[in-house]
Amino acid sequence: MSTLLDKCRADAEAHARSEYPREAVGLVVAVRGKPRYIPCRNQSEEPDHFVLHPEDYAAAEDLGDIVAIVHSHPDCGPEPSLHDLASHAASRMTWWIVGLKDGAATWQEMQAAGELPLEGRVFVHGAIDCYTLVRDYYRQELGIILPDFHRKDDWWHNGDNLYVDNFAKTGFVPVDTPEQGDLIVMAIGSPTPCHGAIWLEGDVLLHHLYGRLSCKEVYGRAYRECTTHIMRYRG
Ligand SMILES: [Zn+2]
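This section reports on the structure supplied with the text. Since the model is a prediction, treat every value here as computed from it, not as a measurement. Counting restarts for each chain: residues are numbered from 1 in the order of the written sequence. With pLDDT at 70 or above as the cut-off, local features in this predicted model cover only qualifying residues; side-chain atom pairs require 80 or more to be listed or tallied, and sums for whole chains, interfaces and linings still use all residues. Hydrogens and water are ignored here; the side-chain numbers use all heavy atoms of the structure.

Side note on the coordination of the zinc ion
For a metal with four tetrahedral donors the ideal donor-metal-donor angle is 109.5 degrees, whereas six octahedral donors ideally subtend 90 or 180 degrees. For Na, K and Ca the donor cut-off is 3.2 Å, and for all other metals it is 2.8 Å, counting N, O and S atoms only; because water is absent from this set, sites may look incomplete. For the zinc ion, every protein donor is listed as His 71 (NE2), His 73 (NE2), Asp 84 (OD) and Asp 84 (OD), and the spread of their distances is 2.0 to 2.6 Å. Angles of 55 to 150 degrees at the metal separate the four donor atoms of the zinc ion, which places the site in the irregular class. Sequence spacing of the donors to the zinc ion: H-x1-H-x10-D. The burial state of His 71 is the same as that of His 73; both residues are buried. Metal sites are grouped by the angles between bound donors: all angles between 85 and 135 degrees with four donors is tetrahedral, opposite donors over 155 degrees apart with the others between 65 and 115 is square planar for four donors and octahedral for six, and any other pattern is irregular. Relative accessibility under 20% of the residue-type maximum defines a buried residue, over 50% an exposed one, and the middle range a partly exposed one, all with a 1.4 Å probe and only protein chains included.

Here it is as structure tokens:
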């Protein structure tokens, strides 16, 4: 007997085939307890990536509870890429991947992972990076949900200004002296303010530098000298 989840898989597979050779992305939403596949737009400009359109996510959330994030692997098996593994862990949601290879569809399901610890994370750009840590700190410690932004690796050298451009949108205002939970923005190895850290009592930063593990360390002179903004969340 086929179940409603089988129907979701069939709908997701049909969507994946219609988007081929691009990656398709969609959501499984429980609408009054019944799972339904909702096709979404993939905003990614890179061929082997997906970025779920935030409007589609918001619309799906209005329909019901999001059960799973689904994406396709054209001409590949359903095994998660390294980026998939990191994004899956950071999303704390169930993922389904459908591989389309030689005309056949194969599935892999990844159960929702628990919270990532704030310290000791491995850096994966765009999935587990300095802004992921900022978002997770705000959600876990302060109950504040900051929006996510798609970011290409090396955006700070390519004309993007993720932190500065999004301050107003995310409800941050500049201040002179940091307090617990303020966002310290720094230009490290680039003229663009590209690195965000959380300031904690005792003059300590909680942050995640490129290529390092996330950690707490003293907000020393080197970090002060490259600080461009101290920002406080006002909502
Ligand atoms: Zn993938």
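Read on for the rest.
Focus on unusual backbone geometry
That bond from Tyr 20 to Pro 21 is cis: its omega, 5 degrees, falls within 30 degrees of zero. Helix and strand labels come from DSSP, where a helix needs a run of H or I of at least four residues and a strand needs a run of E of at least two; each type is numbered from the N terminus. Relative to the helices and strands, Pro 21 resides in the loop between helix H1 (4-19) and strand S1 (25-31). With a phi angle near 45 degrees, Arg 32 is a residue other than glycine that sits in the positive phi range. Judged by relative accessible area, which is 80%, Arg 32 ranks as exposed. At Asp 203, a residue that is not glycine, the phi angle is positive and equals roughly 60 degrees. Mapped onto the elements, Asp 203 comes out in the loop between strand S8 (195-200) and strand S9 (204-207).

Re the pairing of S1
In terms of burial, S1 is largely enclosed, as seven of its seven residues are buried. Residue alternation in S1 divides its side chains into two sets, Val 25, Leu 27, Val 29 and Val 31 and Gly 26, Val 28 and Ala 30, and both sets are buried. As defined by bridge partners, S1 adjoins strand S2 (residues 34-40) across seven bridges and the pair is classed as antiparallel. Among the inter-strand pairings, Val 28 is bridged to a residue of S2, identified as Tyr 37. Each pair of strands is called paired provided DSSP finds at least two bridges between the two strands. Connecting S1 to the antiparallel partner S2 that follows it, the hairpin turn spans two residues, and Arg 32 within it adopts a positive phi of roughly 45 degrees.

Some thoughts on the pairing of S9
Because side chains alternate across S9, one face comprises the buried residues Val 204 and Leu 206, and the other comprises Leu 205 and His 207, equally buried. Here S8 runs beside S9; their pairing, made up of four bridges, is antiparallel. Of the residues in S9, the one forming a bridge with Leu 200 is Val 204. Connecting S8 to the next strand, S9, in antiparallel fashion are three residues, including Gly 202 with a positive phi near 95 degrees. In the sheet, S9 pairs with strand S10 (residues 215-218) via four bridges, with the strands oriented antiparallel. Within S10, the residue paired with Val 204 across the bridge is Val 218.

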